[in-house]
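Now for the letters of each chain:
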Amino acid sequence: GMMKMAKQQQRAGKAPALFTALKGGMQQLPDRLAERMDADIRLNTRVQKLERNEQGWLVDGEAFDHVILALPARAAAPLLKDAAPQLSSRLAEQQSSSSATLSMIFRRKDLAKVPTGFGFMAAHPLNSELVGCTWTGNKFVGRDNEEFFLCRAFLGGPSAEQAIHSGDDEALFQGGLAALRKVCPFLPEQPLEHWLQLWPNANPGYRLGHLDWVADIEAQAENLGRIHFLGSSYRGVSVSDCIHQAQNLALLQAPSNL
């Protein structure tokens with residue numbers, strides 16, 4: 001759908017938007033996929049153990065032909081501790097970091113000036129919990145209006161790690177707002193509303209030799225047979241990267257290739 005929209009803009013002589021999102025938010029994507037799938041979808045169901053047998057895999061004792069682990073590598077590792085200890089150990093090697101997003105609404109008339117552009121990233125090494133900020137309405141059409149201004153600060157690094165893991169929302173809000181206003185003093189002292197989303201251990205750390213690590217995991221999975229690994233831990237962290245991985249796997253495992 002997004003590709004179709006971009007082509008329509010090109011035919012109309014307009015450049016496609018550099019950044020694109022679904023009008024109702026990214027949650028629309030899994031919601032629509034779930035509606036259209038002819039499958040047994042089980043929400044809030046924690047898997048405890050994977051076992052290998054001659055026919056395929058057992059997921060908590062239930063038989064399946066194929067298993068796709070779309071989990072962070074370190075979360076997938078315990079599931080294979082007994083069935084594939086070497087692979088489990090390899091998966092557990094990946095490090096991760098934590099982050100949070102702080103979304104805030106201000107009245108436009110209260111801003112000393114309204115910023116242009118899409119936002120900014122903080123210089124490294126970080127000297128506060130502020131990693132970057134997006135001027136959300138500038139980046140995505142329809143996210144704010146003439147009366148209100150919306151921004152989203154990204155928090156992380158050593159200063160934010162403990163607060164994220166302890167769920168200290170107030171410390172993250174006050175620290176994030178203070179750090180943002182230090183860089184952007186044109187923002188009011190307090191937003192009208194704010195929302196925090198915490199992502200503990202959610203950001204995979206790609207180290208030197210990452211692709212060799214991925215290749216080793218994929219080779220071990222191929223030797224085991226009918227088990228697959230997808231997600232941001234492996235070949236890219238963006239939504240489009242993860243979709244691309246899934247498309248490639250679906251093509252490889254199409255019925256004619258089984």
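These numbers come from a predicted model, not from an experiment. Each chain carries its own residue numbering, running from 1 in the direction its sequence is written. Whole-chain, interface and lining totals are the exception, using all residues; otherwise, since this is a predicted model, local features are given only for residues with pLDDT of at least 70 and side-chain atom pairs are given and counted only at 80 or more. Values reported for side chains reflect all heavy atoms of the structure, with hydrogen atoms and water molecules removed beforehand.

Draft legend 1. Quick peek at the pattern of salt bridges. Basic side-chain nitrogens of Lys or Arg form a salt bridge, by our definition, when they fall within 4 Å of a carboxyl oxygen of Asp or Glu. Across all of its chains, the model carries nine salt bridges by this definition. Where glutamate 35 meets arginine 32, a salt bridge forms, and the shortest distance between an N and an O atom there is 3.5 Å. Of this pair, glutamate 35 and arginine 32 both sit in helix H2 (residues 28–36), three residues apart, which is roughly one turn of that helix. A relative accessible area of 57% means that glutamate 35 is categorised as exposed. Only protein chains enter the accessibility calculation, which uses a 1.4 Å probe; a residue whose area is less than 20% of its type maximum is buried, one above 50% is exposed, and one in between is partly exposed. A residue is classified by how much of its surface remains accessible, and arginine 32, at 42% relative accessible area, is partly exposed. Residue aspartate 216 pairs with arginine 90 through a salt bridge whose shortest N-O separation is 2.5 Å. Of this pair, aspartate 216 sits in helix H8 (residues 210–224) while arginine 90 sits in helix H4 (residues 85–91), and the two are 126 residues apart along the sequence. Residue class for aspartate 216 comes out partly exposed when judged on its relative accessible area of 25%. For arginine 90, a relative accessible area of 22% translates into the label partly exposed. What counts as a helix is a DSSP run of H or I of at least four residues, what counts as a strand is a run of E of at least two, and both are numbered from the N terminus.

Draft legend 2. A look at the sheet that holds strand S1 (residues 50–52). For two strands to be treated as a pair, DSSP must find at least two bridges joining them. One open sheet holds the three strands; their spatial order is S1-S2-S3, and the pairing between them is antiparallel. Two strands bound the open sheet, and with one partner strand each, they are S1 and strand S3 (62–64). Strand-to-strand twist in this sheet, taken as the mean axis angle between neighbours without regard to direction, amounts to 30 degrees. Strand direction decides the pairing type here: strand S2 (residues 57–59) and S3, joined by three bridges, are antiparallel. The residue bridging leucine 58 from the neighbouring strand is alanine 63, located in S3. For every element, the axis is a line fit to its C-alpha atoms; helices are fit only across the contacting stretch, and the angle between N-to-C directions ranges from 0 to 180 degrees.

Draft legend 3. Main features of unusual backbone geometry. The step from histidine 124 to proline 125 runs through a cis peptide bond, and the omega angle for that step is 5 degrees. Structurally, proline 125 is set in the loop between strand S6 (119–121) and strand S7 (130–134). If you check the backbone angles, asparagine 44 has positive phi at about 55 degrees while not being a glycine. By secondary structure assignment, the location of asparagine 44 is in the loop between H2 and S1. A positive phi angle is found at aspartate 60, which is not glycine, with a value near 50 degrees. Within the secondary structure layout, aspartate 60 lies in the loop between S2 and S3. Its relative accessible area of 41% is what places aspartate 60 among the partly exposed residues.

Draft legend 4. Up close: the environment of aspartate 168. One can find aspartate 168 in the loop between helix H6 (158–166) and helix H7 (169–183). Residues aspartate 168 and methionine 5 lie 163 residues apart in sequence; the distance between their C-alpha atoms is 41 Å.

Draft legend 5. Region of interest: the environment of leucine 22. Relative to the helices and strands, leucine 22 resides in the loop between helix H1 (2–11) and H2. A residue is classified by how much of its surface remains accessible, and leucine 22, at 23% relative accessible area, is partly exposed.

Draft legend 6. Just a nonpolar patch on the surface, in detail. Taken together, Met26, Leu29, Leu33, Met37, Ile41, Leu43, Val239 and Ile243 make up a surface patch of nonpolar side chains, about 720 Å² in accessible area. For the nonpolar patch, the secondary-structure elements that each account for two or more residues are H2 and helix H9 (239–252). Considering the arrangement of structural elements, one finds methionine 26 in the loop between H1 and H2. Residues with no salt bridge and a relative accessible area higher than 30% make up the patches, which join like charges within 9 Å and nonpolar side chains (Val, Leu, Ile, Met, Phe, Trp, Tyr) within 5 Å. Computed with the Shrake-Rupley method and a 1.4 Å probe, the accessible areas treat only the protein chains shown as cover for residues.

Draft legend 7. Representation of the sheet that holds strand S5 (residues 96–107). Spatial ordering of the open sheet is given by S6-S7-S8-S5-S9, a layout of five strands whose pairing is antiparallel. Of all the strands in the sheet, just S6 and strand S9 (193–204) have a single pairing partner and so form its edges. Shown here is a sheet whose adjacent strand axes are inclined to one another by a mean of 20 degrees, direction ignored. Judged from the nine bridges that link them, S5 and strand S8 (residues 148–156) form a sheet pairing that is antiparallel.

Draft legend 8. Just the pairing of S7, in detail. A large share of S7 lies buried, amounting to five of its five residues. Note: S6 against S7, three bridges, orientation antiparallel. Across the sheet, residue methionine 121 finds its bridge partner in S7, namely glycine 132. Where S7 and S8 come together, four bridges link them in antiparallel fashion. Of the residues in S8, the one forming a bridge with glycine 132 is phenylalanine 154.

Draft legend 9. Structural detail: H8. Relative to the 21 Å expected for 15 residues at 1.5 Å per residue, H8 spans 21 Å between its end C-alpha atoms, a close match to the ideal helical length. Residues of H8 that are buried: His210, Trp213, Val214, Ile217, Gln220 and Ala221. Axial view of H8: buried residues confined to an arc of 130 degrees, hence all on one face. Turned more than 90 degrees from where H8 packs its buried face, Leu211, Asp212, Glu222 and Asn223 sit exposed. Each element contacted by the buried residues of H8 is listed here: helix H3 (73–76), H4 and strand S10 (227–229). The length a helix should cover is 1.5 Å for every residue beyond the first. Note: the arc covers the axis-to-C-beta directions of the helix. Contact between two residues is taken to exist if any of their heavy atoms lie within 4.5 Å; hydrogens are not considered.

Without other data, these values stay purely geometric and don't point to any function.
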